[in-house]
Amino acid sequence: MFKKVLVANRGEIAVRIIRALKEMGILSVAVYSDADRSSLHTQYADYAYSLNGDRSIDTYMNIEKIIKIATDTGVDAIHPGYGFLSERETFARAVEEAGITFIGPDSKVIQLMGDKIAARKLMQSLGVPIVRGSKRAISQSGDARKLAEKIGYPVLIKAAAGGGGMGMRVAYGPEELEQMLENVRNHAASVFGDSSVFIEKYIERPRHIEVQILGDKYGNIVHLGERECSIQRRHQKIVEESPSSVITPDIREKMGAAATAIARAVNYHSAGTVEFIYDKGEFYFLEMNTRVQVEHTITEMLAGIDIIKTQIRIAAGEQLSFKQQDISFRGHALECRICAENPLNGFIPSPGVITEYSAPGGFGLRVDSGVYSGYEVSTYYDSMLSKLISWGNDRNEAISRMQRALNEYVIAGPKTNIPYLWAVMGSNDFRCGNISTKFIEEHEHLFDEARMFVKKMGRIEG
Ligand code: MV4
């Protein structure tokens, strides 16, 4: 097993990883930006080294600085967390070349899954269902026109180097196609440095369902069931749950088999997620995420498996200690992402000092947080402060518990989306499991409910 591991991340996920390392008796090394000098991850780690700077490219995205600290401090491995360098194949390769273990899959697999056209091709060869669309990159608008006519409008134009929904555009008819192709191409060229695009039939009100997998370095692969992540805003998930209320045992088995077949085909080791889109009883491969995800927590609650510790053990060369038939799921889990943003003003970021902080607790509740009273929310990073995870014997209990916890949560200073999340938990459609990726835009009234929550602050004046 490793003796010392560097965590190349910040915030709640860095804290999550450091906690796992401590419980495993492994020394932890944090790296931090100037803004994160007093952050929890900096304080919790056994060692902490400054990255000198604030902008991402000078700090958490700076491969040279991170490798230098890792080498100087003699760590055995680096955990990249999510975001930042976690899915940069160049980083994984640099770590490997420095003689350090990258806690994640091989750089080649990161590269393959980063190319959405190559991934689609692989799925086709494996017989995993994909949405109808391009077999290769669209090189001429004439090709796009022909294909769009064949599969029928609306079509979705995606960047090969994209992912997570960034820069995708819908064309509802031939008159829009040219312009949308141009938009996606330009966006892709400037953001990814690769203007290759492809098109798919656009599925209008799908559900976003993903399957967690774990694989070791000896070809043992298991899946840990699905997570439903349909409630999103601008491709940022805000509520996730497991199990999904639309997935039957039969579909779960089929999606699980597809996910493990994909992992097997690429010799996947570490934790990974296969994203699917689900519509009218059918599922289609979207992309594979080669990192640990924000919402891995809900799967941990159901399966009783620590995904981060398992990732570390796999990277250290251990075999998975369980087989598919050993895995069972108990109850229902929900996650709400608590963000410093004002839901009553277009969710604009709300930075500043947290003047009062009190996290909820009690049976069946988990708070994975990167903040505390006196913490300053900076403008440099993502606005997510913490994750509130509720577990219940059934979905209703998990929802009631989440609503109760949101009521208990006190964060003063920055505005947060807690009132909005509380409104989602109370929504009839949410309670009936009647959700899709269009949930937020189709439920404008939730802003009124959120406003009422702010007025009352969940307290009854007596
Ligand atoms: C789609 C889709 C509908 N049809 N592809 C979003 C994340 C990235 N992995 C791919 N995503 C989608 N791909 C086809 N052919 C719907 C999504 C999607 C989505 C689209 C618009 C607004 C919100 C969304 C949330 C989840 C998934």
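Structure: see above.
Described in the following lines is the structure provided in the data block. These numbers come from a predicted model, not from an experiment.

1. Considering helix α1 (residues 11-23)
Every α-helix winds through 3.6 residues per turn, so residues three or four apart in the chain are directed the same way.
Link 1 in the chain: The end-to-end C-alpha separation of α1 is 19 Å, in line with the 18 Å expected for 13 residues at 1.5 Å each.
Link 2 in the chain: Of the positions making up α1, those classed as buried are Gly 11, Glu 12, Ile 13, Ala 14, Val 15, Arg 16, Ile 17, Ile 18, Ala 20 and Leu 21.
Link 3 in the chain: Backbone geometry just after α1 places Gly 25 at a positive phi near 75°.

2. Things to note about the site of the ligand
Link 1 in the chain: Around the ligand, 18 residues are found, and the nearest of them are Glu 200, Lys 201, Ile 203, Glu 275 and Glu 287.
Link 2 in the chain: A distance of 3.0 Å is found between a nitrogen atom of the ligand and a side-chain nitrogen or oxygen belonging to Lys 158.
Link 3 in the chain: Glu 275 has a polar side-chain atom sitting 3.0 Å from a nitrogen atom of the ligand.
Link 4 in the chain: Isolated, the ligand exposes 530 Å² of accessible area, and the fraction of that covered by the protein chains is 91%.
Link 5 in the chain: Only β6 (155-159), β8 (197-201), β12 (270-279) and β13 (282-289) provide two or more residues apiece to the shell around the ligand.

3. Here's the deal with a positive patch on the surface
Link 1 in the chain: Positive charge collects at one region of the surface, where Lys 121, Arg 132, Lys 135, Arg 136 and Lys 150 lie side by side.
Link 2 in the chain: Positionally, Arg 136 belongs in the loop between α6 (116-126) and α7 (141-151).

4. Observations concerning the packing of α7 against helix α8 (residues 174-192)
Link 1 in the chain: Orientation of α7 relative to α8, taken along the N-to-C sense of each, is 135°, at an axis distance of 10 Å. As judged from the angle between their axes, α7 and α8 are oblique. With respect to the hand of their crossing, α7 and α8 are arranged in right-handed fashion. Contacts from Ser 141, Ala 144, Arg 145, Ala 148 and Glu 149 of α7 reach α8 at Pro 174, Leu 177, Glu 178 and Leu 181.
Link 2 in the chain: Taken together, the residues that form the contact of α7 with α8 break down as five nonpolar, one polar and three charged.

5. Remarks on the pattern of salt bridges
Note that side chains of opposite charge can pair when their charged atoms are close.
Link 1 in the chain: Under the criterion given, the structure shown has 30 salt bridges.
Link 2 in the chain: With its nearest N and O atoms 2.7 Å apart, the salt bridge here joins Arg 10 to Asp 36. With Arg 10 in the loop between β1 (4-7) and α1 and Asp 36 in the loop between β2 (27-32) and α2 (40-44), the pair connects residues that are 26 residues apart, well separated along the chain. Note on accessibility: Arg 10 and Asp 36 belong to one class, buried.
Link 3 in the chain: We note a salt bridge from Arg 337 to Glu 295, for which the minimum N-O separation is 3.0 Å. One end of the pair, Arg 337, is in strand β14 (residues 332-339); the other, Glu 295, is in the loop between β13 and α10 (296-303), and 42 residues separate them in sequence. The two residues Arg 337 and Glu 295 agree in class, both being buried.
Link 4 in the chain: Where salt bridges share partners, they join Glu 210, Arg 227, Lys 237, Glu 240, Glu 295 and Arg 337 into one cluster.

Calculation criteria
Residues numbered from 1 in each chain as written. Predicted model: local features only at pLDDT ≥ 70, side-chain atom pairs only at ≥ 80, totals over all residues. Heavy atoms only, no water. Helix = DSSP H or I, 4+ residues; strand = E, 2+ residues; numbered from the N terminus. Expected span 1.5 Å × (residues − 1). Buried < 20%, exposed > 50% of the residue type's maximum accessible area, 1.4 Å probe, protein only. Near = heavy atom within 4 Å. Polar contact = N/O pair within 3.5 Å; in protein donor to acceptor, adjacent residues only side chain to side chain. Areas by Shrake-Rupley, 256 points an atom, 1.4 Å probe, with all protein chains shown as cover. Patch = residues over 30% accessible without salt bridge, like charges linked within 9 Å, V, L, I, M, F, W, Y side chains within 5 Å. Salt bridge = Lys/Arg side-chain N within 4 Å of Asp/Glu carboxyl O. Lys, Arg positive; Asp, Glu negative; His and termini not counted. Charge placed at Lys NZ, Arg CZ, Asp CG, Glu CD. Axes fitted to C-alpha atoms, helices over the stretch in contact; angles between N-to-C directions. Parallel < 35°, antiparallel > 145°, perpendicular 65-115°, else oblique. Left-handed = near helix turned anticlockwise from the far one by under 90°. Contact = heavy atoms within 4.5 Å. Nonpolar A, V, L, I, M, F, W, Y, C, P; charged D, E, K, R; others polar.

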